[in-house]
Amino acid sequence: MKTQGENLSQRTADTLRQMILEKKIYTFGEKLPNENELSEKLGISRTTLREAIRTLVSEGILVVQRGKGTFVAEQADRLADSRISMKSFSDMQVTLRDLYETRMIFEPEAAALACRRATDEEIAHILELGQECQRHLEENPTGKERIESESAFHGAILKASHNEFISRFMPMLTETIEKTFALDFNLDVIAEDAYKDHILIMNFLEKRDAEGIKSAVTIHLHHAFLTEQLNWQ
C-alpha cells in the first residue's frame with residue numbers, strides 16, 4: 001500500500017506531466033523553475049518535488065543536467081502530440097494497433113524477466129496493485145480509477161524487470177490504455193477479459209513461472225486486438 005508521501009509525489013508527477021504534455025506550460029527544451037520556486041508554486045515540499053521529478057525522468061519526460069537544472073526532454077514534445085491529438089475512429093484503431101503490436105513485442109518478455117528478477121517485496125506490491133485493479137474492474141470498469149490502476153499494475157511489472165530501457169516504455173503503456181478508453185468500443189468485453197487475464201498473470205507471477213506469465217500477457221494483449229477489431233496479422 002502506498003504511503004501518504006508516495007501518493008503525494010505521484011499526484012505531483014501527474015500535475016507536472018499535465019502541465020508539460022497537455023497545458024504546454026513548460027515546453028520542449030525549457031528549463032523548469034528552480035526547486036524552491038517550483039515547490040512553492042505547487043504547494044509541496046522539495047522532497048516531494050524531487051520524487052516527482054525522478055518519476056518523470058524515468059518516463060523520459062524530464063532530463064536533469066548536472067549543474068544546470070531540470071529540462072523538458074525532446075521526447076515530451078512527441079508524447080504530447082500523441083496523447084492529445086484526436087483522430088477519427090479508424091485512425092485511432094490504427095494508432096492502437098501500432099501501440100499494441102509494440103507492447104506485444106516486449107511486454108511478455110518483460111513480464112518473464114520480472115518473474116526471474118523481482119524481489120519478493122516487488123512481487124507482493126504488484127499483486128496488491130493487481131487486486132486493486134480487479135476491485136475497480138468490478139465496481140466501475142470504465143472509471144478513471146480503473147484506468148489509473150491498470151496502468152499502475154502493468155507498469156509495476158515492467159519496472160520489476162529491472163531493465164532500464166524497458167521501464168522507459170511506461171508512457172507508451174499508459175497511452176495505450178488511455179486510447180483504448182478514448183475509443184469507447186467494446187469496453188464491457190475488454191473489462192471482462194481483463195479481469196480473467198489479470199488472474200492468470202498474477203498467479204504465474206506469484207509462482208515465478210516465467211513461461212506461464214509470457215503466455216498470459218500474450219493472451220491479454222491478443223484479447224485487446226480481438227475486441228478492438230485491430231486487424232492484427
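Since this is a predicted model, take the numbers as computed values, not measurements.

Student: It is not clear to me how the overall build of the protein chain should be interpreted in this structure. Could you clarify?
Tutor: When helices and strands are tallied, the protein chain shows eleven helices and two strands. Moving toward the C terminus, one meets the helices and strands of the protein chain in the order α-α-α-β-β-α-α-α-α-α-α-α-α. Among the 233 residues that make up the protein chain, the fraction classed as buried is 45%. Partitioning the contacts of the protein chain with sequence separation of at least 6, the portion at a separation of at least 24 is 73%.

Student: Can you help me understand the packing of helix α6 (residues 120–139) against helix α10 (residues 187–206) in this one?
Tutor: Axes are the key here: two packed helices are described by the angle between their axes and the distance separating the axes. Packing of α6 against α10 brings their axes to within 10 Å, and their N-to-C directions diverge by 165 degrees. Classified by the angle between their axes, α6 and α10 sit roughly antiparallel to one another. Here α6 runs over α10; the crossing is left-handed. Only A191, A194, Y195, H198, I199, M202, L205 and E206 of α10 make contact with α6, whose side of the interface consists of I123, I126, L127, G130, Q131, C133, Q134, L137 and E138. For the contact of α6 with α10, the residue count by class is eleven nonpolar, four polar and two charged.

Student: Would you mind showing me how to read the packing of aromatic side chains here?
Tutor: For the coordinates displayed, the defined rule picks out three aromatic pairs. An angle of 55 degrees between the planes, with centres 6.0 Å apart, marks the rings of Y100 and F225 as tilted. With Y100 in helix α5 (residues 89–117) and F225 in helix α11 (residues 210–227), this pair connects stretches of sequence that are 125 residues apart. Each member of the pair, Y100 as well as F225, carries the same accessibility label: buried. Between F165 and F169, the ring centres sit 5.4 Å apart and the planes meet at 85 degrees, which makes this aromatic pair edge-to-face. The class of F165 is exposed, set by a relative accessible area of 58%. Every member of this aromatic cluster is reached through a ring pair, and the members are F106, F165 and F169.

Student: Explain the pattern of salt bridges to me, please; I cannot follow it from the model alone.
Tutor: Side chains carrying opposite charge are able to pair once their charged atoms draw close together. Applying the stated criterion across every chain yields a total of ten salt bridges. In this structure, E148 engages K144 in a salt bridge whose closest nitrogen and oxygen atoms are separated by 3.8 Å. Placement of both E148 and K144 in helix α7 (residues 144–159) is noted, with a separation of four residues, approximately one turn of the helix. Looking at E148, the relative accessible area reads 43%, which means it is partly exposed. Taken together, the shared-partner salt bridges in this structure form one network comprising E109, E211 and K214.

Student: What should I look at first to understand the packing of α7 against α10 in this one?
Tutor: Taken N-terminus to C-terminus, the directions of α7 and α10 make an angle of 30 degrees; their axes are 13 Å apart at the nearest point. Taken together, the axes of α7 and α10 lie roughly parallel to each other. Seen from above, α7 lies across α10 with left-handed handedness. From α7, R146, E150, F153, H154 and I157 reach across to α10, where they touch A191, A194, H198, I201 and M202.

Student: Looking at this model, I keep getting lost on α10. Mind explaining?
Tutor: Quick reminder: α-helices carry 3.6 residues per turn. Residues three or four places apart thus point the same way. Given a rise of 1.5 Å per residue, 20 residues ought to cover 28 Å, and the 28 Å separating the end C-alpha atoms of α10 matches this to within 8%. Along α10, the residues classified as buried are L187, I190, A191, D193, A194, D197, H198, I201, M202 and L205. In a view along the axis of α10, the buried residues occupy a sector of 165 degrees, so they form one face of it. Exposed and oriented more than 90 degrees from the buried face of α10 are D188 and E192.

Student: Sorry, what's going on with the confidence of the model for the protein chain here?
Tutor: Detailed reading of the predicted coordinates is not advisable wherever pLDDT is low. Taken residue by residue, the protein chain gives an average pLDDT of 85. The fraction at 70 or more is 86%. The weakest mean pLDDT in the protein chain belongs to helix α4 (residues 74–84) at 56; the strongest belongs to α6 at 95. This model gives residues 84–90 a pLDDT under 50, and the stretch forms seven contacts once residues within four places in sequence are excluded.

Student: Even after reading the chapter, I still don't get helix α2 (residues 35–42), so can you show me in this structure?
Tutor: Capping the start of α2, N34 holds a side-chain oxygen 3.2 Å from the backbone nitrogen of N36, two or three residues further along. Downstream of α2 by a residue or two, G43 has a phi angle that is positive, lying close to 70 degrees.

Student: I'm lost on the environment of R97 in this one. Help?
Tutor: As for its placement among the helices and strands, R97 is situated in helix α5. Residue classification places R97 among the partly exposed positions, given a relative accessible area of 26%. Separated by 128 residues in sequence, R97 and F225 place their C-alpha atoms 7.3 Å apart.

Definitions and limits used
Residues numbered from 1 in each chain as written. Predicted model: local features only at pLDDT ≥ 70, side-chain atom pairs only at ≥ 80, totals over all residues. Heavy atoms only, no water. Helix = DSSP H or I, 4+ residues; strand = E, 2+ residues; numbered from the N terminus. Buried < 20%, exposed > 50% of the residue type's maximum accessible area, 1.4 Å probe, protein only. Contact = heavy atoms within 4.5 Å. Axes fitted to C-alpha atoms, helices over the stretch in contact; angles between N-to-C directions. Parallel < 35°, antiparallel > 145°, perpendicular 65-115°, else oblique. Left-handed = near helix turned anticlockwise from the far one by under 90°. Nonpolar A, V, L, I, M, F, W, Y, C, P; charged D, E, K, R; others polar. Phe/Tyr/Trp six-rings, centres within 6.5 Å; stacked < 30°, edge-to-face > 60°. Salt bridge = Lys/Arg side-chain N within 4 Å of Asp/Glu carboxyl O. Expected span 1.5 Å × (residues − 1). Arc of directions from axis to C-beta. pLDDT = per-residue confidence, 0-100. Polar contact = N/O pair within 3.5 Å; in protein donor to acceptor, adjacent residues only side chain to side chain.

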